[in-house]
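Descriptive structure summary
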Amino acid sequence: MNVLTIFLFFLLAVCSPVLGRGQRCRSSKQCDYESVCDYGYCYTIDEMFEKQHILSMSPPLLIKNGTVVNEDSMFKADVLVSNGIIQEISSSIIALPEMEVIDATDRFVIPGGIDPHTHMQMPYMGEVTKDDFLKGTEAAVAGGTTMIIDFCCPDHRNGESLTDGYKKWRGWADPKVCCDYSLSVAITMWRPETAEQMAIITSPEYGVNSFKFYMAYEGTLMVHDDELYRGMQECAKLRALARVHAENGKVIKEREIDLLKQGVTGPEGHTQSRPEEIEAEATNRACVLASQANCPLYVVHVMTRGAAAAIAHHRAQGAIVFGEPIAAGLALDGSHYYDDDWLHAARYVMSPPLSRDPTTPELLMKLLAAGELHLTGTDNCTYDCRQKSLGKGNFTKIPNGINGVEDRMSVVWEKGVHSGIIDPMRYVSITSATAAKIFNIYPKKGRIAVGSDADIVVFNPNAYRTISKNTHHHNLDFNIFEGIKCHGVAEITISRGRIVWANGKLQTVPGSGKFVPLSINSPFVFASHEKREEKKKPKIVERLE
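Residues numbered from 1 in each chain as written. Predicted model: local features only at pLDDT ≥ 70, side-chain atom pairs only at ≥ 80, totals over all residues. Heavy atoms only, no water.

**A word on the overall build of the protein**
How we decide: Only DSSP runs of H or I reaching four residues or more are called helices, and only runs of E reaching two or more are called strands; each is numbered from the N terminus. Classification of residues uses two cut-offs on accessible area relative to the type maximum, computed with a 1.4 Å probe and protein chains only: under 20% is buried, over 50% is exposed, and between them is partly exposed. Working rule for contacts: check all heavy atoms of both residues, and any pair within 4.5 Å makes them a contact. To measure how exposed things are, a 1.4 Å probe is used in the Shrake-Rupley method; for residues, cover is taken only from the protein chains shown.
The helix and strand tally for the protein stands at 18 helices and 20 strands. Taking all 545 residues of the protein together, 61% fall into the buried category. Relative to all contacts within the protein whose residues are 6 or more apart in sequence, the contacts with residues 24 or more apart total 75%. As displayed, the protein has an accessible area near 21600 Å², and 52% of this comes from carbon and sulfur atoms.

Structural data, given as structure tokens:
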């Protein structure tokens, strides 16, 4: 390779919006004059040429004859895409020879889904989730999701800094992702240096605008109330969003001990150790603490009517609280934990568990329709049958987690739109637009508009598919939605202007997705913050001595 070629490629790597970011390499390779860093991962020049060649092969796309659906409108239009951006939307765009034309007759043209809650390649309890950032994002695009927000969980309890954990997650993700992604960082213990590290990681250099606090998993991930309150205060100061896993970890621990003493060792013990009232209590407590800290709150995986009622109550008092049910909770109930087949029951173990009330899934969807809950995620955290079997004889050892990132878009359509509870515009709101607003990337994401990223799904509302482990794209030997027939199918998925899923086949390139920095101070979340801060100023009474 001659010097001129190397020089030209160096310019490409530095200047291209797809390639080099000038970050320090985090891979095991050593960068030299014959390699470059792409999002902190070292590639040989030949590897980078191959990657750029594949990405540059995508022609302009013209989507014709479809119905564009945004959160606030539906209309017939053609959509023209080039260079990863939506360039034009109009009633009739003339196809030119260099364009690839997609016929979307009788189809909806919707924003690509945003899953705000995943755990790809996450190490926990000596195991690692089966979906890494390659398989997980392949599954995502196969189902019509074009962006995930993954949880980075630094081992802060044992001294790992938030920035080191962040760099580790980026090093895992950047070479593999097939669609865009961002990170939300978990705080698992309050340390003297935590506040300073939160300030650093919310800077533009890192691009994190939310933090997660676990109120469960005592001894590993759980924070205590004083730590949670301190973290919320810091989030409010930074204009970052606090997200909570709402359970009562201390009570759960005691119930687990009692159940095991009574001989309850199977997966049914998991749900009995975590009664629904526990989630409701913790959700209410989190809302109270957030109000005291004047901190907007996001409650992840709302699983029960009690937790949803707590959110509604506090919102009625003027609190800024967002509720996120997940695909599993919208389609399934807790009867699975009592199945005669131990392994079947164990596959559904997650926290909080599925509701014991079979009417809860429909209720949660109705609350999404009414605006009492606000967006949908998956908590995609996959452990296979071997890993689940580690808990035989002791339900507390069953790894907690389920799949969902591939099936969310179809499940939400089936249980929401096809069932007549929500319309297609509300569907777009709860699968992409609201997430984009909360995390401060709207309308670049979550909207079909000129100038928005070309993350688009051609969605067939009349087609249907039956979910099965035999056809899904997860790195998993079961699927919790096995056998469910879903109307509404993502026929074509487009990520930044490239077709990544069509005709039932993946067309992905590992590492082609981008890390999307999330800016603090989202107006959708913090627009009224200063006024609220003024109202909460302490009152001082001047008295004569």
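**So, the environment of Ser 58**
Condition: Counting of polar contacts relies on pairs of N or O atoms within 3.5 Å, with two restrictions inside protein: one atom must be capable of donating a hydrogen and the other of accepting it, and residues adjacent in sequence are counted only when both atoms are side-chain atoms.
Mapped onto the fold, Ser 58 is located in the loop between helix H2 (45-56) and strand S3 (61-70). Taking the C-alpha atoms as reference, Ser 58 lies 8.9 Å from Glu 100; in sequence the two are 42 residues apart. Residues within four places of Ser 58 in sequence aside, it is in contact with Gly 497 and Arg 498. Of the polar contacts made by the side chain of Ser 58, one reaches the backbone oxygen of Gly 497; its length is 3.1 Å.

**What about the pattern of salt bridges?**
Quick reminder of the rule: The term salt bridge refers to a pairing of a side-chain nitrogen on Lys or Arg with a carboxyl oxygen on Asp or Glu at a separation within 4 Å.
On inspection of all chains with the given rule, the structure shows 29 salt bridges. Among the ionic pairs, Asp 180 bridges to Arg 496, the shortest N-O distance being 2.7 Å. In this pair, Asp 180 sits in strand S12 (residues 180-187) while Arg 496 sits in the loop between strand S18 (485-495) and strand S19 (498-502), placing the two residues 316 residues apart along the sequence. When its relative accessible area of 0% is taken as the criterion, Asp 180 is described as buried. For Arg 191, the salt bridge identified is with Glu 193, shortest N-O distance 2.8 Å. A residue is classified by how much of its surface remains accessible, and Arg 191, at 22% relative accessible area, is partly exposed. By relative accessible area, Glu 193 is classed as partly exposed at 26%.

**Focus: the nonpolar core**
Convention followed: As used here, the term nonpolar core means buried Ala, Val, Leu, Ile, Met, Phe, Trp, Tyr and Cys residues forming a set that is joined through side-chain atoms within 4.5 Å.
In this structure, Ile 110, Phe 211, Phe 213, Met 232, Val 244, Leu 297 and Tyr 427 are the most contacted members of the largest nonpolar core, which totals 99 residues. Looking at this core element by element, the count peaks at seven residues for helix H16 (residues 424-438). Ignoring anything within four residues of it in the chain, the contact list for Tyr 427 reads Ile 110, Met 409, Val 412, Trp 413, Val 417, Ile 422 and Phe 459. Core analysis: the second largest hydrophobic core is formed by 27 residues, Leu 259, Val 264, Ile 467 and Ile 480 among them.

**Some thoughts on the packing of aromatic side chains**
Selection criterion: Only rings of Phe, Tyr and Trp enter the pairing, Trp through its six-membered ring, and a pair is recorded when the two centres are within 6.5 Å. The plane angle decides the type: under 30 degrees is stacked, over 60 is edge-to-face, the rest tilted. Two conditions define a charge sitting above a ring: the NZ of Lys or the CZ of Arg must be within 6 Å of the ring centre, and it must be within 35 degrees of the ring normal.
All told, the structure shown has 13 aromatic pairs when counted by the stated rule. On the numbers, 5.8 Å between centres and 45° between planes, the contact of Tyr 427 with Phe 459 is tilted. Of this pair, Tyr 427 sits in helix H16 while Phe 459 is found in strand S17 (residues 456-466), placing the two residues 32 residues apart along the sequence. One aromatic cluster in this structure is built from Phe 133, Tyr 166, Tyr 181, Tyr 206 and Phe 515. Residue placement shows Lys 212 over the ring face of Phe 151; its charged tip is 4.1 Å from the ring centre.

**Regarding the packing of helix H4 (residues 162-173) against helix H5 (residues 194-201)**
Basically, it comes down to this: Convention adopted: a line fitted to C-alpha atoms gives each axis, helices being fitted over their contacting stretch, and angles between N-to-C directions are expressed from 0 to 180 degrees. These descriptions rest on fixed angle ranges, namely under 35 degrees for roughly parallel, over 145 for roughly antiparallel, 65 to 115 for roughly perpendicular, and the rest for oblique. Gly is put with the polar residues, along with every residue not named as nonpolar or charged; the nonpolar set is Ala, Val, Leu, Ile, Met, Phe, Trp, Tyr, Cys and Pro, and the charged set is Asp, Glu, Lys and Arg.
At a minimum axis separation of 9 Å, H4 and H5 run at an interaxial angle of 40°. Judged by the inter-axis angle, H4 sits oblique to H5. When H4 is examined against H5, the residues Leu 162, Thr 163 and Tyr 166 are found in contact with a partner set consisting of Thr 194, Gln 197, Met 198, Ile 200 and Ile 201. Partitioning the contact of H4 with H5 into residue classes produces five nonpolar, three polar and no charged.

**Looking at empty space enclosed by the protein**
Put simply, the rule reads: Buriedness for pockets is judged along seven lines, at least five of which must meet protein on both sides within 12 Å for an open set on the 1 Å grid over protein atoms alone, while cavities are sets there where a 1.4 Å probe fits but cannot get out, and lining residues have an atom within 4 Å of a point. Grid points are joined across faces, edges and corners, and a volume is the space filled by probe spheres set on the points.
A complete count under the given rule lists three cavities of 30 Å³ or more for this structure. Approximately 180 Å³ is the volume found for the largest cavity. Lining the largest cavity are 17 residues, with His 119, Tyr 214, Tyr 217, Cys 381 and Asn 400 positioned closest to its centre. The residue inventory of the lining of the largest cavity, partitioned by class, reads eight nonpolar, seven polar and two charged. Lining the second largest cavity are Pro 111, Gly 112, Ile 114, Thr 146, Lys 444, Lys 445, Gly 446, Arg 447, Asp 453 and Asp 455. Grouping the amino acids of the lining of the second largest cavity by side-chain chemistry returns two nonpolar, three polar and five charged.

**Here's the deal with the pairing of strand S14 (residues 241-245)**
In plain terms, the rule: When DSSP locates at least two bridges between a pair of strands, those strands are taken to pair. Crossover handedness is defined here as right-handed if the route from the first strand over the helix to the second strand goes clockwise, with the strands pointing away from the viewer.
Burial analysis of S14 places five of its five residues in the buried class, the great majority of the element. Side chains Leu 241, Arg 243 and His 245 project from S14 onto one buried face, and the interleaved Ala 242 and Val 244 project onto a second face that is buried too. Where strand S13 (residues 210-214) meets S14, five bridges bridge the pair, whose relative direction is parallel. Pairing of Phe 213 across the sheet is with Val 244, part of S14. Traced from S13 through helix H6 (residues 225-238) to S14, the parallel crossover comes out right-handed. Direction of pairing for S14 relative to strand S15 (residues 297-299): parallel, over a ladder of three bridges. Across the sheet, Ala 242 pairs through a bridge with Leu 297, a residue of S15.

**Some words on the confidence of the model for the protein**
Going by this rule: Values of pLDDT, ranging from 0 to 100, describe the predictor's confidence in every residue of the model.
Residues of the protein with pLDDT of at least 70 account for 90%, and the chain-wide mean is 92. Of the regions scoring below 50 in pLDDT, residues 1-41 engages in 81 contacts with residues more than four places distant in sequence or in other chains.

**Side note on the state of the cysteines**
Rules: Our working definition of a disulfide is a cysteine sulfur pair at a distance within 2.5 Å.
Tallied over the entire structure, the rule returns zero disulfides. Cys 295 takes part in no disulfide bond, and the closest cysteine sulfur, belonging to Cys 235, lies 5.0 Å away.

**Quick word on the packing of H5 against H6**
As a reminder of what qualifies: We call a crossing left-handed when the near helix sits turned anticlockwise from the far one by less than a right angle, and right-handed when that turn is clockwise.
One can describe the packing of H5 onto H6 by two numbers: an axis separation of 11 Å at closest approach and a directional angle of 35°. Considering how the two elements wind past one another, H5 and H6 form a crossing that is right-handed. From H5, Ala 195, Met 198 and Ala 199 reach across to H6, where they touch Arg 230, Gly 231, Glu 234, Cys 235 and Leu 238. Looking at the contact of H5 with H6 residue by residue, the class counts come to five nonpolar, one polar and two charged.

**As for the layout of surface pockets**
Volume-wise, the second largest pocket comes out at about 410 Å³. Lining the second largest pocket are 19 residues; nearest its centre among them are Tyr 217, Glu 218, Lys 253, Glu 256 and Thr 396. Ranked by the residues each element gives to the lining of the second largest pocket, the list is headed by helix H7 (residues 249-261), at six residues. Partitioning the lining of the second largest pocket into residue classes produces nine nonpolar, five polar and five charged.

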